[in-house]
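Understanding the architecture of this molecule
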Amino acid sequence: MLISQVCKQQDFESVWLQEACLALKEPLQYHRKLWEYCYIYQGLLERGMLGPGRRGLGFGVGKEPLASLFASRGCYITATDLDAPSASVQGWAQSNMHAVGIQDLNERGLCDPELFRQRVTFEVVNMNAIPPHLFNQFDFTWSSCSFEHCGSIALGKQFILNQMNCLKPGGVAIHTTEFNLSSNDQTLEEGPTVLFRLKDIEWMVHTLRAQGHSIEVDYSVGTGPIDRHIDVPPHSNPHLRLLLAQYVTTSIGLIIEKAK
């Protein structure tokens, strides 16, 4: 099933997430960033995208471990991020979350260094202006909580539509982002970080389907004790839901299959 699913406690009790943690060399903890990595990895694995010769494109990769993990499975990866001056202006360089080159993408040693050099390339790409030379080239695309940083709700929606151009027919896109649990009306609509509402996700689903792509939706958010915990600064664990401005937010994942 192709699903859009919200980060919740029961996922951390599932076999798929525990196995993904082993692949990432990550200890199991109730943290939504870990859920995002595992969600993307497992979604691609189940759809046969992580094998020798597959080509993947990552957006706003920062220093995340996914590029090296995918390369270790035989994939050829194009990892992208903002140019350094723009990242500095937006605060990503200072937070140590911005990649300035390929050397930042195999810090955990998930892939043999020589194979990593053969299989992974790095490009500077603004997610609001995807260059045409990346169109129709890839078996899969991904991003981990990146497209809420495009500058506005409208720009984030447009990114999801635009990045489909990079996929071959039948290719798979998996993207995670911020999901506003507090309101389907008021939200952070512009700025360094925006919070997508239910109606924003539904707009993406409707528009993607109208273009012939496949996506199914599961908005259940979980009701366990950890689901009810709202993390506030300084952030700790569990960290499935947190407070941004006056809104409670969590992670939501989208899995989209391009029309064949």
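Residue indices follow the written sequence of each chain, beginning from 1 at its first position. In view of the model being predicted, local features appear only for residues whose pLDDT reaches at least 70, and side-chain atom pairs are presented and counted only at 80 or more, with totals across whole chains, interfaces and linings using the full set of residues. Only hydrogens and water are set aside when side-chain values are computed; all heavy atoms of the structure are taken into account.

1. What about the pairing of strand β3 (residues 76–81)?
With five of its six residues buried, β3 lies for the most part within the structure. As paired strands, strand β2 (residues 55–58) and β3 are joined by four bridges and run parallel to one another. By the bridge assignment, Leu57 is partnered in β3 with Thr78. Seen with the strands pointing away from the viewer, any crossover whose path from the first strand over the helix to the second strand runs clockwise is right-handed. Strands here are runs of E lasting at least two residues and helices are runs of H or I lasting at least four, both read from the DSSP assignment and numbered beginning at the N terminus. Remark: the β2/helix α3 (residues 66–72)/β3 crossover connection has right-handed handedness. Should DSSP find at least two bridges between two strands, the strands are taken to pair. As paired strands, β3 and strand β4 (residues 120–124) are joined by five bridges and run parallel to one another. Its bridge partner lying in β4, Thr78 is registered against Thr121. Buried residues are those whose accessible area, probed at 1.4 Å on protein chains only, stays under 20% of the maximum for their type, while exposed residues exceed 50% and partly exposed ones sit between those limits.

2. Focus on the pattern of salt bridges
Think of a salt bridge as a Lys or Arg side-chain nitrogen and an Asp or Glu carboxyl oxygen that are within 4 Å of each other. This structure, assessed with the given rule, holds eleven salt bridges. Among the salt bridges present, the one from Asp139 reaches Lys168, with a minimum N-O distance of 3.7 Å. Highlighted residues: Asp139 in strand β5 (residues 138–144) and Lys168 in strand β6 (residues 167–180), separated in sequence by 29 residues. On the accessibility criterion, Lys168 (31% relative accessible area) is partly exposed. Linked by salt bridges that have partners in common, Lys157, Glu189, Arg197 and Asp200 make up one network.

3. Description of the environment of Asp185
Along the chain, Asp185 falls in the loop between β6 and α7 (198–210). Separated by 161 residues in the primary sequence, Asp185 and Leu24 place their C-alpha atoms 37 Å from one another. Beyond its immediate sequence surroundings of up to four residues, Asp185 is in contact with Arg197 and Lys199. Throughout, a contact is declared for two residues whenever any of their heavy atoms are within 4.5 Å.

4. Considering the packing of aromatic side chains
In this scheme Phe, Tyr and Trp rings, the latter by its six-membered ring, pair at centre separations within 6.5 Å, and the angle between planes marks the pair as stacked below 30 degrees, edge-to-face above 60, and tilted otherwise. Under the defined criterion, the tally for this structure stands at nine aromatic pairs. With centroids separated by 5.1 Å and ring planes inclined at 40 degrees, the aromatic side chains of Phe12 and Tyr30 adopt a geometry described as tilted. Taken as a pair, Phe12 in the loop between β1 (3–6) and α1 (15–24) and Tyr30 in the loop between α1 and α2 (32–46) lie far apart in primary sequence, 18 residues in all. Judged by its relative accessible area of 2%, Phe12 falls in the buried class. Plain terms: the ring middles of Phe70 and Phe140 are 5.6 Å apart, the flat faces sit at 90 degrees to each other, and that makes the pair edge-to-face. Note that Phe70 is positioned in helix α3 and Phe140 in strand β5, a separation of 70 residues in sequence. Note on criteria: charge over ring means Lys NZ or Arg CZ within 6 Å of the ring centre, with the direction from the centre no more than 35 degrees off the ring normal. Positioned above the aromatic ring of Trp203 is the side chain of Lys157, whose terminal nitrogen or guanidinium carbon lies 4.9 Å from the ring centre.

5. A short note on the pairing of β2
Within a regular strand, the side chains alternate between the two sheet faces. With three bridges joining them, β2 and β5 adopt parallel strand pairing. Note that in β5 the partner of Gly58 across the bridge is Trp142.

6. A closer look at the environment of Glu107
Inspection of the secondary structure puts Glu107 in the loop between α4 (84–90) and α5 (113–119). Distance in space between the C-alpha atoms of Glu107 and Pro65 is 7.7 Å, their sequence separation being 42 residues.

7. Examining the nonpolar core
To define a nonpolar core, start from buried Ala, Val, Leu, Ile, Met, Phe, Trp, Tyr and Cys residues and group those joined through side-chain atoms within 4.5 Å. Core analysis: the biggest nonpolar cluster contains 37 residues, and Leu44, Phe70, Ile77, Phe140 and Trp142 have the highest contact counts within it. Those elements that place two or more of their residues in this core are α1, α2, α3, β3, β5 and β6. The element best represented in this core is α2, accounting for eight residues.

8. With respect to the packing of helix α6 (residues 153–163) against α7
Only the contacting stretch of a helix is used when fitting its axis, a line to C-alpha atoms as for every element, and angles between N-to-C directions run 0 to 180 degrees. Packing of α6 against α7 leaves a shortest axis separation of 11 Å and a crossing angle of 30 degrees. In terms of axis orientation, α6 runs roughly parallel to α7. Two packed elements cross with a definite hand, and for α6 against α7 that hand is right-handed. Residues Ile153, Lys157, Ile160 and Leu161 of α6 form the contact with α7, whose participating residues are Asp200, Trp203, Met204, Thr207 and Leu208. Of the residues that constitute the contact of α6 with α7, the class distribution is six nonpolar, one polar and two charged. Angle categories are assigned with fixed cut-offs, so that under 35 degrees is roughly parallel, over 145 is roughly antiparallel, 65 to 115 is roughly perpendicular, and the rest are oblique. The sense of a crossing depends on the near helix, which, turned anticlockwise from the far helix by less than a right angle, makes the crossing left-handed and, turned clockwise, makes it right-handed. Lys, Arg, Asp and Glu make up the charged group, whereas Ala, Val, Leu, Ile, Met, Phe, Trp, Tyr, Cys and Pro make up the nonpolar group; the residues left over, Gly among them, are polar.

9. Considering the state of the cysteines
Put plainly, two cysteines are in a disulfide when a covalent bond ties their sulfur atoms together. Counting rule for disulfides: a pair of cysteine sulfur atoms within 2.5 Å. Using the criterion set out here, one finds zero disulfides in the structure. Free cysteine: Cys166, not disulfide-bonded; nearest cysteine sulfur from Cys150 at 13 Å. Taking the relative accessible area as the measure of exposure, Cys166 reaches 0% and is therefore buried.

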